[in-house]
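Coordinate inspection notes
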2 protein chains.
Amino acid sequence: MGERQISKAVISRLPRYHRYLGELLNSGTERISSGELSRLMKVTASQIRQDLNNFGGFGQQGYGYNVRYLRDEIGKILGLDHDHAMIIIGTGHLGKALANYENFNRGSIHIVGLFDIRKEVIGTKVRNTEIRSVEELPSFLKEHEVEIAVLTLPKKNATEIAQILVENGINAIWNFAYTDLNLQLPEDVIVENVHLSDSLMQLTYRLNAAQQKEEN
Amino acid sequence: MGERQISKAVISRLPRYHRYLGELLNSGTERISSGELSRLMKVTASQIRQDLNNFGGFGQQGYGYNVRYLRDEIGKILGLDHDHAMIIIGTGHLGKALANYENFNRGSIHIVGLFDIRKEVIGTKVRNTEIRSVEELPSFLKEHEVEIAVLTLPKKNATEIAQILVENGINAIWNFAYTDLNLQLPEDVIVENVHLSDSLMQLTYRLNAAQQKEEN
């Protein structure tokens, strides 16, 4: 890859390629042309070729893509060829949903700790992992190599907890709290925000636009 | 808006404007310049002006934006000025997280039904709403006006349930199952996919890219 800057749009499409190639592999497909992949994924073949050319191509003209090779190479680009230790802070329904998510547990991402602020859940377990007090975060992070912290807690606690995490060496946060944390953290901290209501509003936008079109 | 086609990128940014303007309103800010909004949201002022110009502008040169007016107008564009009835199918942790999400319950989106396939949860309640059997979906949808269905269920059941929903008049699906439903549904059904592991992979990509940069 060298020094080339890959656009955000391309990066956002890579996980989808990885997912489709994984499904093809599971169904026993060894080789696929960009045309077939295009029909399956409902994107143009030229988009697929352009996207993959950002990383050197992976295909041979007229011969298509080797599915396993391409899936593995995209996996490497996505950092899935090595393990990532992750902790979850906030074990409400959303935190529990993520702690139970089988796609993480069978992949390269491992949940190594669960934390909460609520006294009544501390000491209970989710999937054999004990829920600890957030007060233990600094010592836990000294003793364990943790790469990613997930924030599934109310907005009002998110900034304070994020700052504790960053002070203790975390530099990747998967944030579900209803705030853009990157405004309060050092520039080099990687924050991926998931704002579920933003996604729902895109749905209501499309509903609204479709209804207005009907009325015209 | 007329017949203008608004780009997906602009639409994806509208909920964030709505969120920031709501926070400004809560903190008592009545008027804001595009420069101030730019610093707050960490996007360029020209991007803000361009985005809002898609809908007619809303600002007066040199006078800034009226926060409440702009928030309400963006709310209208997002379809938030009228109520939307929503049902959730799948009441595992993720379904329960959404059923309990206060941002929905105080806004224009109302959860009117919960459904599950698992006999042991049917008849129990989440937030005063009884969980019904998915077998009741067709009759429920005849008796109630429902606009949006949320799928928080395993991939293996998602397609079948989506087809039942569409046959019974649903044309907007907020899909959390690990599959792109739009491949199996009529073109005019609005599907907003939320693939949480795709989001996590964008985080591991950025981690990986940052580590490679350090090594070079």
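Residues numbered from 1 in each chain as written. Chains lettered and ligands numbered in written order. Predicted model: local features only at pLDDT ≥ 70, side-chain atom pairs only at ≥ 80, totals over all residues.

Within chain A, the regular secondary structure consists of nine helices and nine strands. When the backbone C-alpha atoms are referred to their principal axes, chain A occupies close to 60 × 50 × 35 Å. Residues classed as buried in chain A amount to 33% of the 216 residues present. A sequence separation of at least 24 residues applies to 56% of the contacts in chain A between residues at least 6 apart. (Helix = DSSP H or I, 4+ residues; strand = E, 2+ residues; numbered from the N terminus. Buried ≥ 20, exposed ≤ 12 C-beta atoms within 10 Å, placed from the backbone. Contact = placed C-beta atoms within 7 Å.)

On the side of chain A, 43 residues touch chain B, which itself brings 43 residues to the contact. With 14 residues, helix α9 (residues 196-215) of chain B is the single largest residue contributor to the side of chain B that touches chain A. Along the lines of polarity and charge, the residues of the side of chain B that touches chain A split into 23 nonpolar, 13 polar and seven charged. (Nonpolar A, V, L, I, M, F, W, Y, C, P; charged D, E, K, R; others polar.)

Let us look at the nonpolar core. Nonpolar side chains tend to gather and get buried jointly when the protein is soluble and globular. Grouped together as the largest cluster of nonpolar side chains are 98 residues, with contacts concentrated most on Ile89(A), Leu151(A), Ile89(B) and Leu151(B). Ignoring sequence-local partners within four residues, the contact set of Leu151(A) consists of Ile89(A), Gly90(A), Ala158(A), Ile161(A), Ala162(A), Ile173(A), Asn175(A), Phe176(A) and Ala177(A). (Core = buried A, V, L, I, M, F, W, Y, C linked by C-beta atoms within 7 Å.)

Taken in spatial order, the seven strands line up as β5-β6-β4-β3-β7-β8-β9 (chain A) in an open sheet, and their pairing is mixed. Of all strands in the sheet, those bounded by a partner on one side alone are β5 (125-126) and β9 (190-193) of chain A. Here six bridges tie strand β3 (residues 84-89) of chain A to strand β4 (residues 109-116) of chain A, and the two strands are oriented parallel to one another. The residue bridging Ala85(A) from the neighbouring strand is His110(A), located in β4(A). On top of the sheet, helix α8 (residues 155-167) of chain A reaches β3, β7 (148-151) and β8 (172-175) of chain A; it is set at about 170° to β7(A), its chief contact. Those strands touched by α9(B) are β3, β4, β7, β8 and β9 of chain A, and its axis lies near 165° from that of β9(A). (Pairing = 2+ DSSP bridges. Axes fitted to C-alpha atoms, helices over the stretch in contact; angles between N-to-C directions.)

Here the focus is the domain arrangement of chain A. Structurally, chain A comprises domain 1 (8-77) and domain 2 (84-198). Placing a centre on the C-alpha atoms of domain 1 of chain A and another on those of domain 2 of chain A gives a separation of 32 Å. (Domains from an automatic or database assignment.)

Before going further, it helps to examine the relation of the copies chain B and chain A. Between the two copies, chain B and chain A, the superposition gives an RMSD of 0.0 Å; the rotation angle is 180° and the shift along the axis is 0.0 Å. Both copies of the chain, as the preceding transformation shows, are related through a two-fold rotation axis. For chain B, the residue whose C-alpha comes nearest the rotation axis is His93(B), separated from it by 2.5 Å. An overlap of 100% is found between the interface residues of chain B and their copies at the interface of chain A, pointing to a shared contact surface. (Least-squares fit on C-alpha atoms with pLDDT ≥ 70 in both.)

The residue Arg127(A) is not glycine, and still its phi comes out positive at about 50°. With respect to the helices and strands, Arg127(A) occurs in the loop between β5 and β6 (129-133). In this structure, Asn128(B) is a non-glycine residue whose phi angle is positive, near 70°. Its place among the elements puts Asn128(B) in the loop between β5 (125-126) and β6 (129-133).

All names here are of chain A. The topology assignment puts Gln 50 in helix α3 (residues 45-53). Looking at Gln 50, the number of C-beta atoms within 10 Å reads 11, which means it is exposed. Through-space distance from the C-alpha of Gln 50 to that of Val 10 is 9.2 Å; in sequence the pair is 40 residues apart.

Before going further, it helps to examine the pairing of strand β3 (residues 84-89) of chain B. All names here are of chain B. The element β3 is largely enclosed, with a buried count of five among its six residues. Where β3 and strand β7 (residues 148-151) come together, four bridges link them in parallel fashion. Following the sheet pairing, Ile 87 is matched in β7 by Ala 149.

All names here are of chain B. Overall, mixed pairing links the seven strands, which are arranged β5-β6-β4-β3-β7-β8-β9 in an open sheet. Either end of the sheet is taken by a strand with one partner, and the two such strands are β5 and β9 (190-193). Summarising the sheet, strand β4 (residues 109-116) and β6 pair through three bridges and their orientation is parallel. Note on β6: the bridge partner recorded for Asp 116 is Ser 133. On the sheet, helix α8 (residues 155-167) packs against β3, β7 and β8 (172-175) and is oriented at approximately 170° with respect to β7.

What follows deals with the packing of helix α9 (residues 196-215) of chain A against helix α1 (residues 8-26) of chain B. Put simply, α9(A) and α1(B) touch, their axes get as near as 9 Å, and they point 120° apart. One way to sum up the angle between α9(A) and α1(B) is to call them oblique. Seen from above, α9(A) lies across α1(B) with right-handed handedness. Here α9(A) contributes Asp198(A), Met201(A), Gln202(A) and Tyr205(A) to the contact with α1(B), which in turn contributes Ile11(B), Ser12(B), Leu14(B), Pro15(B), Arg16(B) and His18(B). Taken together, the residues of the contact of α9(A) with α1(B) break down into five nonpolar, three polar and two charged. (Parallel < 35°, antiparallel > 145°, perpendicular 65-115°, else oblique. Left-handed = near helix turned anticlockwise from the far one by under 90°.)

A turn of α-helix holds 3.6 residues, and therefore any two residues three or four places apart point the same way. With 19 residues, α1(B) ought to run about 27 Å at 1.5 Å a step, and its terminal C-alpha atoms sit 28 Å apart, in line with that. Listed as buried for α1(B) are Leu14(B), Pro15(B), Tyr17(B), His18(B), Arg19(B), Leu21(B) and Leu24(B). Where α1(B) is buried, its residues touch α9 of chain A together with β1 (31-32) and α4 (67-77) of chain B. Positioned one or two residues after α1(B), Gly28(B) has a phi angle of 85°, which is positive. (Expected span 1.5 Å × (residues − 1).)

Further remarks concern the packing of helix α2 (residues 34-41) of chain A against α3(A). All names here are of chain A. As a packed pair, α2 and α3 sit with axes 8 Å apart at the nearest point and diverge in direction by 110°. It follows from the interaxial angle that α2 and α3 lie roughly perpendicular. On the side of α2, the interface is formed by Ser 34, Gly 35, Leu 37 and Ser 38, while α3 contributes Ala 45, Ile 48 and Arg 49. Split by residue class, the contact of α2 with α3 holds three nonpolar, three polar and one charged.

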